[in-house]
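# Structural overview
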Protein chains: 4
Amino acid sequence: MIGEIHEECGIFGIYDNDGLDAARTTYYALYALQHRGQESCGIAVNDNRTVVFHKGVGLVPDVFNEVILNHLKGQMAIGHCRYSTTGNSTIENAQPLVSKYIKGTLALAHNGNLINSQQLRRELELNGAIFQTTNDSEVIAYILAKERLRSSSIEEAVQRSMGVLKGAYSIVLMSPEKLIAARDPYGFRPLSIGKIKNSYVIASETCAFDAIGAEFVRDIDPGEIVVIGKQGISSIRTNCTGRPNLCIFEFVYFARPDSVLEGASVYLARQEAGRYLAKEHPVEADVVIGVPDSGLDAALGYSKESGIPYGVGFIKNRYVGRTFIQSTQDQRDIAVKIKLNVLKAAVEGKRVILVDDSIVRGTTSKRIVSDLRAAGATEVHMRISSPPFLNPCYFGTDIDSKDKLIACKMSIEEIAKELGADSLGYLSIDNLRKIPVGANCDFCDGCFTGKYPMDVSWVDDYSKDMLEKSKE
Amino acid sequence: MIGEIHEECGIFGIYDNDGLDAARTTYYALYALQHRGQESCGIAVNDNRTVVFHKGVGLVPDVFNEVILNHLKGQMAIGHCRYSTTGNSTIENAQPLVSKYIKGTLALAHNGNLINSQQLRRELELNGAIFQTTNDSEVIAYILAKERLRSSSIEEAVQRSMGVLKGAYSIVLMSPEKLIAARDPYGFRPLSIGKIKNSYVIASETCAFDAIGAEFVRDIDPGEIVVIGKQGISSIRTNCTGRPNLCIFEFVYFARPDSVLEGASVYLARQEAGRYLAKEHPVEADVVIGVPDSGLDAALGYSKESGIPYGVGFIKNRYVGRTFIQSTQDQRDIAVKIKLNVLKAAVEGKRVILVDDSIVRGTTSKRIVSDLRAAGATEVHMRISSPPFLNPCYFGTDIDSKDKLIACKMSIEEIAKELGADSLGYLSIDNLRKIPVGANCDFCDGCFTGKYPMDVSWVDDYSKDMLEKSKE
Amino acid sequence: MIGEIHEECGIFGIYDNDGLDAARTTYYALYALQHRGQESCGIAVNDNRTVVFHKGVGLVPDVFNEVILNHLKGQMAIGHCRYSTTGNSTIENAQPLVSKYIKGTLALAHNGNLINSQQLRRELELNGAIFQTTNDSEVIAYILAKERLRSSSIEEAVQRSMGVLKGAYSIVLMSPEKLIAARDPYGFRPLSIGKIKNSYVIASETCAFDAIGAEFVRDIDPGEIVVIGKQGISSIRTNCTGRPNLCIFEFVYFARPDSVLEGASVYLARQEAGRYLAKEHPVEADVVIGVPDSGLDAALGYSKESGIPYGVGFIKNRYVGRTFIQSTQDQRDIAVKIKLNVLKAAVEGKRVILVDDSIVRGTTSKRIVSDLRAAGATEVHMRISSPPFLNPCYFGTDIDSKDKLIACKMSIEEIAKELGADSLGYLSIDNLRKIPVGANCDFCDGCFTGKYPMDVSWVDDYSKDMLEKSKE
Amino acid sequence: MIGEIHEECGIFGIYDNDGLDAARTTYYALYALQHRGQESCGIAVNDNRTVVFHKGVGLVPDVFNEVILNHLKGQMAIGHCRYSTTGNSTIENAQPLVSKYIKGTLALAHNGNLINSQQLRRELELNGAIFQTTNDSEVIAYILAKERLRSSSIEEAVQRSMGVLKGAYSIVLMSPEKLIAARDPYGFRPLSIGKIKNSYVIASETCAFDAIGAEFVRDIDPGEIVVIGKQGISSIRTNCTGRPNLCIFEFVYFARPDSVLEGASVYLARQEAGRYLAKEHPVEADVVIGVPDSGLDAALGYSKESGIPYGVGFIKNRYVGRTFIQSTQDQRDIAVKIKLNVLKAAVEGKRVILVDDSIVRGTTSKRIVSDLRAAGATEVHMRISSPPFLNPCYFGTDIDSKDKLIACKMSIEEIAKELGADSLGYLSIDNLRKIPVGANCDFCDGCFTGKYPMDVSWVDDYSKDMLEKSKE
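This write-up is about the structure you can find in this document. Throughout this document, residue positions are counted from 1 along each chain, in the order its sequence is written. Chains and ligands are labelled sequentially in the order written, the chains with letters from A and the ligands with numbers from 1. In keeping with the predicted nature of the model, local features appear solely for residues at pLDDT of at least 70, side-chain atom pairs appear and are counted solely at 80 or more, and the whole-chain, interface and lining totals rest on all residues. Hydrogens are left out, water is left out, and the side-chain values use all remaining heavy atoms of the structure.

Right, let's talk about the interface of chain B and chain A for a bit. Any two residues whose heavy atoms approach within 4.5 Å at even a single point are treated as in contact. Facing the 51 residues of chain B at the interface are 51 residues of chain A. Both sides of the chain B and chain A interface together cover about 4300 Å² of buried area, and 61% of this is carbon and sulfur. Buried area is understood as the total, over both parts, of accessible area removed when two parts are fitted together, assessed with a 1.4 Å probe. When residues of chain B are sorted by the area they lose upon contact with chain A, Tyr28, Tyr319 and Ile325 of chain B head the list and together hold 18% of the total. By the criterion applied in these results, polar contacts are pairs of N or O atoms within 3.5 Å in which, for protein atoms, one can donate a hydrogen and the other can accept it, and in which residues neighboring in sequence qualify only through two side-chain atoms. For the pair chain B and chain A, the interface holds 12 residue pairs in polar contact (both at pLDDT 80 or more). For the side of chain B that touches chain A, the elements supplying multiple residues, two or more each, are helix 1 (22-33), helix 3 (66-71), helix 7 (207-212), helix 9 (266-280), helix 10 (296-306), helix 11 (329-339), strand 19 (340-342) and helix 12 (344-347) of chain B. Think of it this way: any DSSP run of H or I at least four residues long counts as a helix, any run of E at least two long counts as a strand, and we number them from the N terminus.

Right under this line is the structure:
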């Protein structure tokens, strides 16, 4: 949990040629993208150049109701769901950002993180700008408004802006007459095109297409600008330079298993991770279990590869949400057990292989290992379906600061000891790169390797500071 | 969904000798029992003979907050979460029921269904009684108040009342000075005793004990009355007659996998069901998948027995709740996909074995089979981890009326055809009885066999009517 | 503020023969009766023997909305708004009380206070009854249910019950087929019949008739039972014995100025009170002001009689309600000024006559006098439009306990000194009785005189205790 | 009701040197200013350069609660309550507006209307600006941010901005270290300085000072900039040119009677208006009544001057608010009677003089006259305490468009006939100017005379269009 400039979000857009009810379709799509951000959400619709929007803090079902949806009429719509640190869960930062500029109304939603946003803010402020949010979206809107002044169209302004904006950004925006989607030239974050009947839709993940009955058309290319309007769909590819460098952690953790990113199934990728783990770090045991929900598929893969039976090690309580109440230290311990209970019958008297997607500080892993032992596990072998986190992410993944990352402070043996595990094995970076079977792209794995596809000397001091300093 | 007299609920009680905060402990326990009833919930506390309570329509996190919990101070507490048909989801029917009677205040929560409640209501009304709810709890409270007049203690009144109340009931109640738990002489519904430090707790399922860090002590016997007070814990066993006849559907569907009922693990029972299914109805296939959440463990068991790989066939959206909005017919189809999405990568081009816990009307199963085929499954073999529903349940399980039950209208072959499945196999009743490995009890399986442990000629006409007639 | 058994409430009923929308008409009427109770409210409708109801804590606009009103369909409706002490503002005590009894569903709302309710509760409990509220309504419903067993009709049961129920009660109730209104044989509380088109309505005050466009028909007689059904309207008068003994404080404080009670205008009665005050307690001054809202009309009467100009001495903030926040002692002082601000321009440099309806503890009056002096009033002469409170009310008016009533502890001169007033004059009891000009009734003025129209030896010990003991 | 650019609002600011709790003091002050705007409200606090704020749609008690107030800690605070047309009651337009600019955070609240805001927006947009609200506040913030670039302090930027901003504006703003208040050089809208202990406060009306126990210091001069900081209070007067041209309608309608504007009591001004009306338009009658609330004081003045008794002609229901439900045409008629009921006893059989503050379309007046006749008034003579509305207001008063104003379409005789009144008299403009007795200022009465203190050729086309065209 770093700062609010670091977000994982879900975005969606629709240009409706079939009377599908653009807002309601967006509402359904946001349900399917909710796992990418549970902090706030919003929908903006464009009805013949009039933009109406509704945003709120909370989950999609908390923010929208029948009355509100009925109020959101229009042919185009964009939607957003947002993850953020608690302190900044204000309504002001919810997206889409709707603003008036020289050419009318602009509605914008984005996923990713600019590495030069503080520098851009400063430059804009020196020119008299005022900022009402702490979102990168507001910076993007300003740059677009500025570039629009010397462009003959909004898409030209987007094209010019892409020369100014540095970092990771997948964007959907509505101008008075067009729906535009764009992906940064490095392709850090996913963005795809789908189609229902004669209407085009844009989404962060393909699971949103399934949810609304759309078919997948293709991924948007890095640097590509997709323009959807009366004349249909077209692309501007002047900023396109090469293959995507997709964040590989999307496969490990962010994306939903039923999504397909750059041609690779997330579900199969996770099973592959488990298979490679079994090859890299075999151990004799009686049962393989995963930490819900993101560790389950890798555990299944480990089981299949190793032949050790798969089991359900934990029951996750589906009713524990934001409003769960806890107070004293004693009750905090209880709270954890309410969220996640060990399924004793599955592990008692057994040698257990425990698969999780990552370890950050190690606190949660330590408690889980201890719970398994309390439930009667005779051995606990921990397997992690990604390499150790050793470096900051500048492109939107909210990893902890270096001095909090357990892997920056201890050797693997020391970590195993600290967690109370009988053994510990991480997936190697080489095998990690192989898990998205059939993926037609390169990857950003800078958080593991320290090598980033983009020159990170662009990262402005403020962002660097936020990402690298300690915080609680 | 029959009528409101048919409920599956969760109950909890605590007599706190350790300053644990009785209300908050109950709050945590209700989270763990929430799967037994999501319609309304409530907590009543007894602080030195003063009873304060709070009830509401909705989930535990919707009904309670910090302010309310802080207001609920007391040494004893009981809690309840309730399932009900939509039409009767009124605050009036929420439990616990708190009433004043000749000896002070009585708070009561129950799980189960009386078969003579209409007859008892009639008799009470003929004596001048008025009823403010449609709950069996109010009938029970009246009978207790009446029997209390000729009893020397509340526990004696409970004992006498058990001669009058016919049907299934697991009860927790607070008199001014005692916490009392009782289970009907047939033991239809589960009820267990746990202990934290020096404090006794009572719960419908053992998963509630895990949630609050309590250890399991033992199941309450059928007909047993457990009295907890200043003098500690004691039992009245005059109504105890034999082994429990626990509802076997608790193992198939109701209970949480991490609960242990009458000594048998629910998780292992479901895996056993899958194993027996694989033996009874083998078929060649490429993958075994389960319908979330209750079909998953049986699917795993089928996979293990058959050697056919286990897969994750569906992603269930965890954010779709009560307030999900749908409207037109088109959107209703979409809604289904948002709740449950087929994981195409897991089934495409494969022969699929689909495991579910039961089929009621068949509508949902038909859609799931069709979705699997649309995702590329080449064959779909359906396996059900219980026998066909053929008879009404008079003891609290809300099965549909006979004319809506698909198994009452068609042969198994006809059902398979109707669902579009390549084959269909139900678990046999003989094997069903074997799945709760190590269970120290008999079972009620009347909904499958038509044979009930209790004389159902006691079922009053009103209840019979409600259970057997058609409704939409 | 005594206990919850002491309530001033508003009740309403309609038997709709014109398709007026019974619930909505009741909703409008409750707005007009809201001044009689702001604590909770409710509406029950009877649609062809099916009773649906909605109740809640709060004002009419807080408890009802469009969706709820649309759900309340039926030909008959009754409504209630309730005043109560804070501690008991629970939803459980909201009215109407809807209960099932031997003959179907009974919905009941009442205004007043029984003096033998504790004794009746005890008797019922000895017969096995349970009580879920602390309302007299539940006692009345029980008595009705009991008497119904030996009566041939609900109206006969009402008639018999009136022999058992002692105290003040104005009631509206719905049986499956009839709307019934009844007033206790002493006629303590008002109750009137009105008519819209061909539909009869019943209300506590005539201002409710104005609100819904109904014409006033007549007041219900003490002891009268009015039965409205398919056959039209009829009366049972066997319990009628004489003239009403209407609570005279209705004219001084409770009723709305635009209501007419027993033929007398409340507005004119208050002006009369002011006129008599001017005659009894003349004083030289520059302006006459009233304490909003109930002192204003009397101040105007005083001004007219004395010839001293009327002025607006205070601005009452209309936005300060239930949710107003205050904290520290300093802020509590501020809070008072926010609610009521002295209009300096009206009193500065002037000799002021300040008219209020009553003094209870004297705390508020003291502060108001002090505020006037701070605003520059050179003299403050206080005039009270009723005699000193010296006795408890057993019939529904929530006066303070004797040891808190300033008039029980001090002489009038001492009170004036305590309040900081230059002089103080109360209206005499003789003149008070003359203020309801044209009223066709006697009055209960027991709180002033200690003489009650009913034998108060019937008051049960519990009630006496509640009314006479001290509380904070 | 014209467009959202036309607002009457209340503003408040505090620089707390006494540990008064700045947010809570602002909260109390907003209660006292609530009559100036009931649509939305907000408070921003500045705690050692960190600005925290909370805004919402609704009344002060709806938007704030204890938890929120406790969260708003700081030494400085500003608050705002806002009136607006329904369509624009969005949270986005709520004030204060908090934005980041080159020098840190700026929080701003204003009352009034710029006449060149559309032109300024256009110029800013041509420079790349984006706008997220439709408020003038955002324009002001931009101009301030721009001017700040070439100013050595925020107060210098305010001073420079006043050369650019045309129209009516009373402003409070917080820079990181200072509280600043400013009033436009014409002084259209009121703004005053008060003091509690050693802390200065700023408010739209003096009634806010009474509410929080502050003493009135003085009115801010037109063009004056008041700067409050660590060094105490100081003024910049370079833009001061002459006497205020206070909106005279503040005395007739907007301000609270207990406020004193430019040395004149609003209460006395309204009585004066009534006195002049009695002289200009005498008539024989039995009673003088006013339309609540703003017509009451003028009615009292008319009564005193004429010697005709004052009466209370209407009871206004204090519980009817925003959530009042109405539906059919029939029910709409009922709704009106619920809001305002004629007090029959006051007017029956009488010749009535009815005083109101103004007539816009005439619809409401017509209904009131008709209600009075229905209640038995034998004659109804209408008197209006201001001249006829004939012209648009460009400075913040939301008058209807010309084609809707009844006085633009009919002669006074025709209006009287249309309303059903026996006679009609408006206050003359000459006497209107005399009613604020002792006021040390000139007035803007352009809505009556068409003569404005400021050159209205500055009004930009968009605003002109909004103000002059018809709308429903």
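Having seen the structure, we can now continue with the description.
Next up on the list: the sheet that holds strand 22 (residues 423-426) of chain C. All names here are of chain C. In space, the 4 strands of this open sheet follow the order 17-20-21-22, with parallel pairing throughout. With one partner strand each, in any of the chains shown, strand 17 (287-290) and strand 22 form the two edges of the open sheet. Neighbouring strand axes in the sheet, compared pairwise and without regard to direction, differ in orientation by 20° on average. Strand pairing follows a simple DSSP-based rule, namely that at least 2 bridges must link the two strands. The pairing of strand 21 (residues 379-384) with strand 22 spans 4 bridges and is parallel. Among the inter-strand pairings, Ile384 is bridged to a residue of strand 22, identified as Tyr426. The strands touched by helix 10 (residues 296-306) are strand 17, strand 20 (351-356) and strand 21; relative to strand 17, the strand with the most contacts, the crossing angle is about 160°. Together, strand 17, strand 20 and strand 21 form the strand contacts of helix 13 (residues 363-374), whose direction differs from that of strand 21 by roughly 150°. The axes used here are C-alpha line fits, helices contributing only the stretch in contact, and every angle between their N-to-C directions lies in the interval 0 to 180 degrees.

The transformation that overlays chain B on chain A combines an axial shift of 0.0 Å with a rotation of 180°, and the residual RMSD is 0.0 Å. Look at the turn and shift together and you get a two-fold axis relating the two. Minimal C-alpha distance to the rotation axis in chain B is attained by Arg318 of chain B, lying at 3.6 Å. When the interface residues of chain B are mapped onto chain A, 100% of them again lie at the interface, so the same face is used by both copies. Only residues with pLDDT of at least 70 in both copies contribute their C-alpha atoms to the least-squares superposition of the copies.

This part takes up the sheet that holds strand 20 (residues 351-356) of chain A. Residue and element names in this part refer to chain A. Taken together, 4 strands build an open sheet; the order of strands is 17-20-21-22 and the sheet is parallel. Where the open sheet ends on each side, the last strands, each with one partner, are strand 17 (287-290) and strand 22 (423-426). Taking each pair of neighbouring strands and ignoring which way they run, the sheet shows an average axis angle of 20°. Bridge count for strand 17 against strand 20 is 4 bridges, and the pairing is parallel. Residue pairing in the sheet places Gly290 in a bridge with Val355 of strand 20. Packed on one face of the sheet, helix 13 (residues 363-374) meets strand 17, strand 20 and strand 21 (379-384) and runs near 150° to strand 21.

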